[in-house]
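A structural walkthrough
Each chain, written out:
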Amino acid sequence: MTSEKTSAPFDVVVVGGGPAGLSAALYCTRLGNKTALVDRGGGRTAMMQDVHNVVGIPEETSGAEFLSIGKEQLEAYGCTVYRDTISSCSRAGQSTRDSSEEQHQERGQEQKQDREQNHDESTTTEGVPEITLCGTDTDYVAEYVVLATGFTDERPDPPLPRTGRGLHYCLHCDAYMFVDEPVYVMGTSESAAYVAAIMLNFTSDVDLLTRGIEPTWSDETESMLSNHPIEIVHEEIASVQNGDDGWLESLTFEDETVREYTGGFALYGSSYNNGLATELGCALNDDGTVIVDDHGRTTVENVYAVGDLTPGHNQVPIALGEGARAGISIHWDRRKFPRDPSLIDELGPVRNDDVPGIPDELLEQAVEYHTYD
Ligand SMILES: Cc1cc2nc3c(=O)[nH]c(=O)nc-3n(C[C@H](O)[C@H](O)[C@H](O)COP(=O)(O)OP(=O)(O)OC[C@H]3O[C@@H](n4cnc5c(N)ncnc54)[C@H](O)[C@@H]3O)c2cc1C
């Protein structure tokens, strides 16, 4: 389906405005590409009550504040930020890169070596295929697309504590909050069993709540659990008791036992927002993540993927780094100077009025932005 309005063409459109997308859009914009960020709102960062593990960001900053500062920064540099949902996409002149993971990794490695050896060599942007992204009101057209659509945590059925106030999804983010506190881990999978055992690194009081559902962990995992001081509670939760500050105090189970907890983790898997990647023809891993090389390039030319949508640890600093890497890689691909020798043969030497290469609107914005005078 196409929308009534089509945006002016962009060099780069980033889909998803979490840390990965914000960082990719920041680098693309500041490195001289006409860039749009399209974000529907929500996402995992928006769920964060407090941002942990990000150097320079005070712990009491909420995910919503973090995102809003990031979007303001982008607009100040000349990135256009849209609140919209991309529901479908297409690509003219579809050209799929090697789609098997092995070939892709080999190719990624070769390209990485090439670029590292010849990092000053510019790549022509002639003949670059056009990618169209269909939003609710607007269609966006771009040469390059960065997919930063993340994933959605599977949420267990209620009753549940409040997210970030007793219900948590990220061990590397929040285990520190529960040092020496009573915690639960909710779930019936291998991951739930292992996260329960890992929590013993932080506290001696860990319960594993199956909520009346038959566990799917293996006999080996069952034996691992039996050799660690973890209590497995099979009863379903009947109700949740929170304090006046909204933080969890205890859970009451259907057998009327009451157990005090400061918080815990729900482990029910995740659903990757990989629909656009699939539509564009990007190869996926078995778990639903998008296959990328070291720069965030997918198996489809000019389509990048970054952040939680790709394999690796799911953390804000890692998403920021992946966004930065993709932005720099796109700059390498798109920058005009030094002019490629084959283009010098075709177009002649670079003249004074060909430079600077930065588009006029970004040039004006950058000059206005300068703070040294
Ligand atoms: C409760 C919770 C607490 C956490 N706490 C921390 C922490 O303290 N420190 C830390 O480092 N990590 C934390 N994490 C992990 C962190 O949130 C993620 O690793 C990080 O958000 C990944 O960034 P991302 O940009 O890849 O994805 P997200 O932040 O999820 O952003 C994806 C964005 O894409 C948008 N989107 C998706 N599809 C479309 C579409 N079709 N069109 C337009 N927009 C679309 C989404 O709406 C969203 O805005 C936490 C996670 C959770 C769930």
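Scroll up to find the structure this text is about.
Residues numbered from 1 in each chain as written. Predicted model: local features only at pLDDT ≥ 70, side-chain atom pairs only at ≥ 80, totals over all residues. Heavy atoms only, no water.

**Some details on the overall build of the protein**
Regarding its fold elements, the protein presents 11 helices and 18 strands. Out of the 373 residues belonging to the protein, those deemed buried represent 48%. Within the protein, contacts between residues separated by at least 24 positions form 66% of all contacts whose residues are at least 6 apart in sequence. Accessible surface, the protein: about 18700 Å² in total, of which carbon and sulfur atoms supply 47%. (Helix = DSSP H or I, 4+ residues; strand = E, 2+ residues; numbered from the N terminus. Buried < 20%, exposed > 50% of the residue type's maximum accessible area, 1.4 Å probe, protein only. Contact = heavy atoms within 4.5 Å. Areas by Shrake-Rupley, 256 points an atom, 1.4 Å probe, with all protein chains shown as cover.)

**Some thoughts on the state of the cysteines**
Applying the stated rule across the entire model yields one disulfide. With a sulfur-sulfur separation of 2.0 Å, Cys170 is cross-linked through a disulfide to Cys173. Between Cys170 and Cys173, the S-S dihedral sits near 65 degrees, and the bridge is therefore right-handed. Note on Cys282: no disulfide assigned, nearest cysteine sulfur contributed by Cys89 at a separation of 8.3 Å. The exposure class of Cys282 is buried, given its relative accessible area of 6%. (Disulfide = S-S within 2.5 Å.)

**Topic: the packing of helix α3 (residues 63-77) against helix α11 (residues 360-369)**
In contact at an axis separation of 8 Å, α3 and α11 are set at 110 degrees when each is read in the N-to-C sense. By the criterion of interaxial angle, the relationship of α3 to α11 is roughly perpendicular. Seen from α3, the contacting residues are Glu75, Ala76 and Tyr77; seen from α11, they are Leu362, Gln365 and Tyr369. Classifying every residue of the contact of α3 with α11 gives four nonpolar, one polar and one charged. (Axes fitted to C-alpha atoms, helices over the stretch in contact; angles between N-to-C directions. Parallel < 35°, antiparallel > 145°, perpendicular 65-115°, else oblique. Nonpolar A, V, L, I, M, F, W, Y, C, P; charged D, E, K, R; others polar.)

**A few points about the pattern of salt bridges**
Applying the stated criterion across every chain yields a total of 13 salt bridges. Among the salt bridges present, the one from Arg44 reaches Asp308, with a minimum N-O distance of 2.9 Å. In this pair, Arg44 sits in helix α2 (residues 43-46) while Asp308 sits in the loop between β18 (303-305) and α9 (316-334), placing the two residues 264 residues apart along the sequence. Looking at Asp308, the relative accessible area reads 13%, which means it is buried. In this structure, the salt-bridge partner of Asp50 is Arg165, at a minimum N-O distance of 3.5 Å. (Salt bridge = Lys/Arg side-chain N within 4 Å of Asp/Glu carboxyl O.)

**Structural notes on the environment of Arg44**
Take Arg44: its relative accessible area is 19%, and that puts it in the buried class. With sequence-adjacent residues up to four places away left out, Arg44 is seen in contact with Phe151, Asp153, Tyr169, Asp308 and Asn314. One polar contact links Arg44 to Asp308, side chain to side chain, over a distance of 2.9 Å. (Polar contact = N/O pair within 3.5 Å; in protein donor to acceptor, adjacent residues only side chain to side chain.)

**Things to note about the sheet that holds strand β15 (residues 258-260)**
Pairing in this open sheet of three strands is antiparallel, and the strands run β13-β14-β15 from one edge to the other. Edge positions in the open sheet fall to β13 (237-242) and β15, since each of these has one partner strand only. Each adjacent strand pair in this sheet contributes to an overall mean axis angle of 20 degrees, direction not counted. (Pairing = 2+ DSSP bridges.)

**What about unusual backbone geometry?**
Residue Phe337 is joined to Pro338 through a cis peptide bond whose omega torsion reads 0 degrees. Between Val355 and Pro356 the backbone carries a cis peptide bond, its omega angle lying at 0 degrees. For Pro356, the position within the fold is in the loop between α10 (341-347) and α11. Of note, Glu256 is a non-glycine position whose phi angle comes to about 75 degrees, a positive value.

**Here we look at the sheet that holds strand β9 (residues 167-168)**
In space, the five strands of this open sheet follow the order β9-β16-β10-β11-β12, with parallel pairing throughout. Two strands in the sheet have a free side with no partner beyond their single neighbour: β9 and β12 (230-233). Bridge count between strand β10 (residues 183-186) and strand β16 (residues 263-266): four bridges; the pairing is parallel. Considered in β16, the bridge of Met186 is made with Ala266.

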